[in-house]
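Each chain, written out:
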There are 2 protein chains.
Amino acid sequence: MKARVTVTLKNGVLDPQGKAIEGALGALGFGGVGGVRQGKVFDIELEGADKEKARADLEAMCEKLLANTVIENYAIELS
Amino acid sequence: MKARVTVTLKNGVLDPQGKAIEGALGALGFGGVGGVRQGKVFDIELEGADKEKARADLEAMCEKLLANTVIENYAIELS
C-alpha cells in the first residue's frame, strides 16, 4: 500500500526558507506571489492491506519521527 | 489563490535521506515499511484569479527555481 505523508509548518511559525524562496521568485520576475511556505512530503510503501492499521502506524510514525508536532502539522493520504 | 507544488525525486534517483528515514523507522520498531522517498512541498499564495495564468506561472517557477527537472518531478495543485 502506498501512503503520502505531508508535513507542513503550523500557522504562526516563522519559515525563513519559504521567505527566501519568495524573495528569489520576486528576483526572477514572478510578481503576485503573496507568500511561500515550505514543507516536506514522504512517500511510504507499506506492506499489508489493512488501511486502519496502516493509518494508525503512520500516525505513530509522524508523532515519533516524521513531524515535530510542536511546530508542524501532518496529513496522511492512503491510496 | 492558493497553490500547492509537490516536488519528488524521479524513479531511479537514489534517495539517501529516504533510506535513512526507512532505517530509523525500522529501528523504532515499525515493521512492514517497504520504502520511503522524501520530497518537498511548497504552499504558494498567488494574487489574481486567473487559473490558467497561475498554472503557467507555477510551471515556470518549477522549471526555473523550485525543482531540478533533471532529477525531480513536480506536480501542481490549484485550489
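For the structure itself, look to the data block above.
So, how was this worked out
- Residues numbered from 1 in each chain as written.
- Chains lettered and ligands numbered in written order.
- Predicted model: local features only at pLDDT ≥ 70, side-chain atom pairs only at ≥ 80, totals over all residues.
- Heavy atoms only, no water.
- Helix = DSSP H or I, 4+ residues; strand = E, 2+ residues; numbered from the N terminus.
- Expected span 1.5 Å × (residues − 1).
- Buried < 20%, exposed > 50% of the residue type's maximum accessible area, 1.4 Å probe, protein only.
- Arc of directions from axis to C-beta.
- Contact = heavy atoms within 4.5 Å.
- Pairing = 2+ DSSP bridges.
- Axes fitted to C-alpha atoms, helices over the stretch in contact; angles between N-to-C directions.
- Parallel < 35°, antiparallel > 145°, perpendicular 65-115°, else oblique.
- Nonpolar A, V, L, I, M, F, W, Y, C, P; charged D, E, K, R; others polar.
- Salt bridge = Lys/Arg side-chain N within 4 Å of Asp/Glu carboxyl O.
- Buried area = accessible area lost by both parts, 1.4 Å probe.
- Polar contact = N/O pair within 3.5 Å; in protein donor to acceptor, adjacent residues only side chain to side chain.

Trainee: Describe helix α1 (residues 16–27) of chain B, with residues and values.
Mentor: Across its 12 residues, α1 of chain B extends 16 Å between first and last C-alpha, which sits within 8% of the 16 Å expected from 1.5 Å per residue. All of the buried residues along α1 of chain B are Gly18, Ile21, Glu22 and Leu25 of chain B. All buried residues of α1 of chain B lie within an arc of 105° about the axis, which places them on one face of the element. Exposed and oriented more than 90 degrees from the buried face of α1 of chain B are Pro16, Lys19 and Ala27 of chain B. In this fold, the buried residues of α1 of chain B make contact with β2 (33–46) and α2 (51–66) of chain A together with β2 (33–46) of chain B. Trailing α1 of chain B by a residue or two, Gly29 of chain B shows a phi angle of about 100°, which is positive.

Trainee: Give me the sheet that holds strand β1 (residues 2–9) of chain A: which residues, what numbers.
Mentor: Read across the open sheet, the 6 strands follow the order β3(A)-β1(A)-β2(A)-β2(B)-β1(B)-β3(B); overall the sheet is antiparallel. Only two strands of the sheet have a single partner each, and these edge strands are β3 (72–78) of chain A together with β3 (72–78) of chain B. Taken pair by pair, the neighbouring strands of this sheet meet at an average axis angle of 25°, ignoring direction. Sheet topology note: the strand β1 (residues 2–9) of chain B/β2 of chain B ladder contains 6 bridges and is antiparallel. For Arg4 of chain B, the partnering residue across the bridge sits in β2 of chain B and is Asp43 of chain B. Contacts from α2 of chain A reach β1, β2 and β3 of chain A together with β2 of chain B within the one sheet, and its direction differs from that of β3 of chain A by about 155°. Strand contacts of α1 of chain B: β2 of chain A together with β2 of chain B, with the helix running at about 120° to β2 of chain B, the strand carrying the most contacts.

Trainee: Outline the environment of Leu14 of chain A, supporting the account with residue identities and numerical values.
Mentor: Residues and elements named next belong to chain A. Topologically, Leu14 is positioned in the loop between β1 and α1 (16–27). Since its relative accessible area comes to 75%, Leu14 is described here as exposed. Apart from the residues within four sequence positions on either side, Leu14 is in contact with Leu9 and Arg37.

Trainee: Please provide a residue-by-residue account of the packing of α1 of chain A against helix α2 (residues 51–66) of chain B, values included.
Mentor: One can describe the packing of α1 of chain A onto α2 of chain B by two numbers: an axis separation of 11 Å at closest approach and a directional angle of 105°. Of the possible angle classes, the one that applies to α1 of chain A and α2 of chain B is roughly perpendicular. Here Ile21, Ala24 and Leu25 of chain A of α1 of chain A lie close against α2 of chain B, whose contacting residues are Met61, Leu65 and Leu66 of chain B. Looking at the contact of α1 of chain A with α2 of chain B residue by residue, the class counts come to 6 nonpolar, no polar and no charged.

Trainee: Provide a residue-level description of the pattern of salt bridges, including the pertinent values.
Mentor: Oppositely charged side chains may form a pair once their charged atoms are brought near each other. Residue and element names in this part refer to chain B. Counted under the stated rule, the structure contains 10 salt bridges over all chains. In this structure, Glu72 and Lys40 form a salt bridge, with 3.6 Å as the shortest nitrogen-oxygen distance. Here Glu72 is found in strand β3, whereas its partner Lys40 is found in strand β2, with 32 residues between them in sequence. When its relative accessible area of 11% is taken as the criterion, Glu72 is described as buried. Using a relative accessible area of 28% as the deciding quantity, one classes Lys40 as partly exposed. We note a salt bridge from Asp57 to Lys53, for which the minimum N-O separation is 2.8 Å.

Trainee: Account for the interface of chain B and chain A, with residues named and values stated.
Mentor: Contacts between the two partners involve 31 residues from chain B and, on the opposite side, 31 residues from chain A. Summed over the three residues of chain B that lose the most area to chain A, namely Phe30, Val41 and Leu65 of chain B, the buried surface amounts to 19% of that side. Connecting chain B to chain A are 0 salt bridges. Remark: the boundary between chain B and chain A carries 10 residue pairs in polar contact (both at pLDDT 80 or more). For the side of chain B that touches chain A, the secondary structure elements donating two or more residues are β1, α1, β2 and α2 of chain B. Of the residues belonging to the side of chain B that touches chain A, the class tally is 16 nonpolar, 7 polar and 8 charged. Direction of pairing for β2 of chain A relative to β2 of chain B: antiparallel, over a ladder of 13 bridges. Paired with Lys40 of chain A across the bridge in β2 of chain B is Lys40 of chain B.

The quantities given are spatial measurements derived from coordinates; they are silent on function.
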